[in-house]
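Remarks on the overall topology
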Amino acid sequence: MCSLFIICLSIKILIFITKIINKIQIFLPENISNNNISSIIQVFMAWWFDVGKIFLTALIIFIIVEISEKNTLFAAIMASIPIVSVLSMMMMYQEGQDVSEISQFAKDIVYLIIPSLLLFIVMPWLIETHDWEFYPALLIGLLSTVVGYFIMIQLLEQLSITT
């Protein structure tokens, strides 16, 4: 569980660094004007907001891992709450995304819940029925989820359901 936490945190840090690199382009000489003080302040405030998002995500994962050491059912309940989706929508709104885009995001999540369940079906089945080790079973579970996403997206396109 700890290595999964480290992987998730590393991905978040890489995304954060990418955002910083993109935002630094504002400070290139051709973009600097006399009225850029408020722009600079806004960029730094956005950076702190991004740091807060990374910290909050890491904290949620850490809490769930700690709870799982004492009670796996309660940890599963905590993990199954769509807190990441809710926080994502709140952060999207906070960053100024249109509510219609956020609404579409929520509908897209509903369509993708079904293939995401493949991980939680395939991985335990491989471990319990076929005595697989954890990481290979997790990998196959994740791959089955990716294949499930691909199939679901193709199905949605064939049914002319907009996503």
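Just above, that's the structure.
Residues numbered from 1 in each chain as written. Predicted model: local features only at pLDDT ≥ 70, side-chain atom pairs only at ≥ 80, totals over all residues. Heavy atoms only, no water.

All right, on to the packing of aromatic side chains then. Applying the stated rule across the entire model yields 1 aromatic pair. Consider the rings of Phe134 and Tyr135, whose centres lie 4.9 Å apart with planes at 70°: the pair is edge-to-face. Accessibility expressed as a relative area gives 39% for Phe134, which makes it partly exposed. (Phe/Tyr/Trp six-rings, centres within 6.5 Å; stacked < 30°, edge-to-face > 60°. Buried < 20%, exposed > 50% of the residue type's maximum accessible area, 1.4 Å probe, protein only.)

Together, Leu73, Phe74, Ile77, Ile81, Ile83 and Val84 line one region of the surface with nonpolar side chains, adding up to about 540 Å² of accessible area. Elements with a minimum of two residues in the nonpolar patch: helix 3 (72-80) and helix 4 (83-94). Top contributing element to the nonpolar patch by residue count: helix 3, with 3 residues. Tracing the sequence through the fold places Ile83 in helix 4. Ile83 gets classed as partly exposed once you look at its relative accessible area, which sits at 33%. (Patch = residues over 30% accessible without salt bridge, like charges linked within 9 Å, V, L, I, M, F, W, Y side chains within 5 Å. Areas by Shrake-Rupley, 256 points an atom, 1.4 Å probe, with all protein chains shown as cover. Salt bridge = Lys/Arg side-chain N within 4 Å of Asp/Glu carboxyl O. Helix = DSSP H or I, 4+ residues; strand = E, 2+ residues; numbered from the N terminus.)

The subject of this paragraph is helix 6 (residues 134-158). The end-to-end C-alpha distance of helix 6 is 36 Å, a good match for the 36 Å that 25 residues give at a rise of 1.5 Å each. For helix 6, the complete set of buried residues consists of Ala137, Leu138, Gly141, Ser144, Thr145, Gly148, Met152 and Leu156. A positive backbone phi angle near 60° is found at Ser160, which sits one or two residues after helix 6. (Expected span 1.5 Å × (residues − 1).)

On to the packing of helix 5 (residues 99-130) against helix 6, then. Their axes nearest at 8 Å, the elements helix 5 and helix 6 cross at an angle of 155°. Taken together, the axes of helix 5 and helix 6 are roughly antiparallel relative to one another. When you trace helix 5 past helix 6, the crossing you get is right-handed. Its residues placed into classes, the contact of helix 5 with helix 6 shows 19 nonpolar, 5 polar and no charged. (Axes fitted to C-alpha atoms, helices over the stretch in contact; angles between N-to-C directions. Parallel < 35°, antiparallel > 145°, perpendicular 65-115°, else oblique. Left-handed = near helix turned anticlockwise from the far one by under 90°. Nonpolar A, V, L, I, M, F, W, Y, C, P; charged D, E, K, R; others polar.)

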